[in-house]
Structures are given as C-alpha cells and as structure tokens.
Amino acid sequence: MNAPERTRPAAAGPAAPAACASPRVVRLANENDLPALLALAAQAGPGLTSFKPDEASLRARLARVRATLEDRAPTAEQGYLFVMEDASTGAVAGVCGIEAAVGLDQPFYTYRKDTIVHASRELNVWSRMLTLSLSNDLTGNSELCSLLLDPAWRGHGNGALLSKARFLFLAQFPERFSSHVCAELRGYFDDEGHSPFWRSLGQNFFKIDFDQADYLTSIGKKSFVAELMPKYPIYADFLSAEAQAAIGVTHRDTLPARRMLEQEGLRAGSHVDIFDSGPVLEARVADLRAARESRYLPVVISPDAVHDGEPYLIATLGLASFRATLVSGAPADDAMPLSPAVANALGVTGGDRVQVLALKPQAPMQD
C-alpha cells in the first residue's frame, strides 16, 4: 500500500459558497499551502495513508514537489501535489497527487490475483481456485494518489475538476512519467468500519490493527510487510466468505472516484491492495483520454463569453505554472472563448494557447 486514491468522508471544513461565483483552479502546491494542507489533512481521518496531518511530512512533501519541478529530485523521489482553490478567496478546497514512479526506494506491494486449476482424472473432479500472491509487479508505474475533497465543496463539478486535472498534466508531460499509471482504491469496509479481508488475512500475520499497519506504510516503514506476510500464494477459499466477497470491491465512498478514473481510461487489472483488497486500476498513459483527445487552442477573451452548456476542462501550458479550471461552453471556431474572470484565474491573455478537453467522454453516435 502506498498512497491510495481514497475519498473517506471528512468533517466539514469552512463552508463553501452556495453557488460557484468565482472559478475553482487546480494548481501545483507550494510551501505557502502548508497551513491549509494541515487543516485539510486533519479532516481526512485514518483513511488516506499518504496525507496525514503531520507538519514535518507535509513540509517534506512540498519540498519534494519543488525539487521535482526544478529537476533536482531522482526518479524515485519525484512527485507532484496539486491543490484546488477558490480563485477569488484563495481558500483551499481539495488536494490530489501523482507519484512519478512507485516502488523504487520503498517497495510497492500488491496482491496479484491468479487462477490455479486442480484436476483428478481418476475421480473426474476438477476445481478452479483464486490465489493471491505478494507482488511487486507495478514497480516503476506512475501513481494517482491522495485525492481528498472537503465535503463542504462537493458539487458544482469540483470533485471532477480536482481528480481529472491531473490527466491534463499527464498528457502535457508524458516524459516525466512512466508509460503506465495506476491508482489504488479503498476496499470494502462493513457498516462498523472493519475490513473483512484484513480480519481474515492481514491481522493474522501482522498482529496489529488495520490503522496502525496503514500508518506505518504511509510513513515509509514497509519492511514489516515482506518480513511478516506469507511467502507463498494464498488460496482465497481458505478466507472467510465475507473476505472472499470483498476481494477487489471498491468502498462505497470511493465509487465516485472510481467512475471518474474509469471515464479517463483506467481499468481494474489483476492487482488488489494487500490490506483491504481494494482494486488497483491501471492504464497506459498513451491510452488515457486526455492523451488521445486533448486539443490545444488559442484563447479569445470576451466579456460576452457564454459559459453555459457542456463542461470543459481547460489547462494552461506550463510545468510550474500549470493551472486548470472547469468551464461550461464548447470551443468555437478553433478557439477557446473565456470570460475575463476565467482568463484572470488561469493567468492567460488573448492568443495564449490552452489545453481543452470535454469533462466527460463523448457519447457514441447512434445509427
């Protein structure tokens, strides 16, 4: 487990405006965001392993972002952290991240799902069985992680903007990432907040509770996983019925995040999380919708720009200066019309080129 894509409910923070009068902008985080990030992390609870309310670790992560942008960080340490803010007030409403390559300095463990067939010709009996093997197969993949939106800011497309802005960044700078990207999703928990998979498997080997194991991996102490986990494939049939049913199941609070990732081209593969058995979604970066369908158009600024209709993601072209927002209204005449308020939030002027992508995949034409 590294830095799952989780949307665990959090206590409400500062109230968001009833209507989105000013644009929301996603940009790269910097050291000045530390107080806001600490406040946001304090709301997250134990569900977000890579985003804890620890000042030292958050300060180090922001320093790592700076080193990454300045090309001073080795590949194993490269990572990007984004914040979503209200353009007029500067209030930080959410956070998300991308790790350039996981598993290079700390192991990236998953369970790989395999099928084993046992057969007896003498008895005319055969059985197909699911096994789980501790795996490092995804080492070197880029990872989408640390998605957290303040519940007070849900709605108005904020969650979609926060999650999907990263895909525009991946499409603009593929050379900074692996050819493959993955995202761990939170697994199934029962109504009492317990993971059946952990209770049936993990706690028998670790002898600690789920949150403690989760926290240790979040701070990079992962050696205990290799030291204590079984070295041989685990037959799923030996687990409880509840645990078997939970394998690869997404937590209900994370289903919206999963749907957004799937819209962009990620799919569940053969890997699940080692603690709660949540699914790991995977894709080739070149196959992501943003890589295939983004358009790069000049900006036309007009007070009469109509932001009404189909929603579009708009991003500036630049690394450290990357900014993305969401507008309603399609491109016109091979240009992107923007109101002065949106242009000002993005920091663009007339004639500047921007990246444009429909928020949702286009519906296929019906015959």
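Scope of this entry: the structure provided in the associated data block. Here the structure is a predicted model, which is why all the values come from computation and not from measurement.

So, how was this worked out
Residues numbered from 1 in each chain as written. Predicted model: local features only at pLDDT ≥ 70, side-chain atom pairs only at ≥ 80, totals over all residues. Heavy atoms only, no water. Helix = DSSP H or I, 4+ residues; strand = E, 2+ residues; numbered from the N terminus. Buried < 20%, exposed > 50% of the residue type's maximum accessible area, 1.4 Å probe, protein only. Contact = heavy atoms within 4.5 Å. Areas by Shrake-Rupley, 256 points an atom, 1.4 Å probe, with all protein chains shown as cover. Core = buried A, V, L, I, M, F, W, Y, C linked by side-chain atoms within 4.5 Å. Phe/Tyr/Trp six-rings, centres within 6.5 Å; stacked < 30°, edge-to-face > 60°. Lys NZ or Arg CZ within 6 Å of the ring centre and 35° of its normal. Pairing = 2+ DSSP bridges. Expected span 1.5 Å × (residues − 1).

## As for the overall build of the chain
The helix and strand tally for the chain stands at 10 helices and 15 strands. Per-residue burial over the chain gives 50% buried out of 367 residues. Contacts in the chain between residues at least 24 apart in sequence constitute 73% of all its contacts with a sequence separation of at least 6. Roughly 16300 Å² of accessible area belongs to the chain as shown, and the carbon and sulfur atoms make up 52% of that amount.

## Side note on the nonpolar core
Counting residues in each nonpolar core, the largest one holds 57 residues, and the members touching the most others are Phe82, Leu144, Phe169 and Leu266. The dominant element in this core, judged by the number of residues it contributes, is helix α3 (residues 158-172), at 9 residues. Apart from residues lying up to four places away in sequence, Phe82 is in contact with Val26, Arg27, Leu28, Ala29, Gly94, Val95, Cys96, Gly97, Ile98, Arg166, Phe169 and Phe322. Counting 21 residues, the second largest nonpolar core, distinct from the first, contains Leu132, Ile234, Ala243 and Ile247.

## What to know about the packing of aromatic side chains
Any aromatic ring pair is given by two values, namely how distant the centres are and how the planes are angled relative to each other. If you walk through the whole model with that rule in mind, you get 15 aromatic pairs. Ring geometry for Trp198 versus Phe206: centroids 5.5 Å apart, planes at 5°, classification stacked. A residue is classified by how much of its surface remains accessible, and Phe206, at 5% relative accessible area, is buried. An aromatic cluster is defined as three or more aromatic residues linked by ring pairs; in this entry it consists of Tyr80, Phe82, Phe169, Phe173, Phe177 and Phe322. We note Arg186 situated over the ring of Phe189; from NZ or CZ to the ring centre the distance is 4.5 Å.

## Side note on helix α4 (residues 196-206)
Burial in α4 covers these residues: Pro196, Phe197, Trp198, Ser200, Leu201, Gly202 and Phe206. Lys207 lies just past α4 and shows a positive phi near 60°.

## A look at unusual backbone geometry
Unusually for a residue other than glycine, Asp71 sits at a positive phi of about 60°. Of note in this structure, Asp333 is not a glycine but carries a positive phi near 55°. Within the secondary structure, Asp333 is located in the loop between β13 (323-328) and β14 (336-338).

## What about the pairing of strand β10 (residues 279-284)?
Bridge count between strand β7 (residues 180-184) and β10: 5 bridges; the pairing is antiparallel. Following the sheet pairing, Cys182 is matched in β10 by Glu282. Both strand β9 (residues 267-272) and β10 contribute to a ladder of 3 bridges, which runs antiparallel. Residue pairing in the sheet places Arg267 in a bridge with Glu282 of β10. Two successive antiparallel strands, β9 and β10, enclose a turn made up of 6 residues, where Ser277 displays a positive phi of approximately 60°.

## Describing helix α2 (residues 55-69)
Here α2 is 15 residues long and its end C-alpha atoms lie 21 Å apart, about the 21 Å a rise of 1.5 Å per residue gives. Those residues of α2 lying buried are Leu58, Arg61, Leu62, Val65, Ala67, Thr68 and Leu69.

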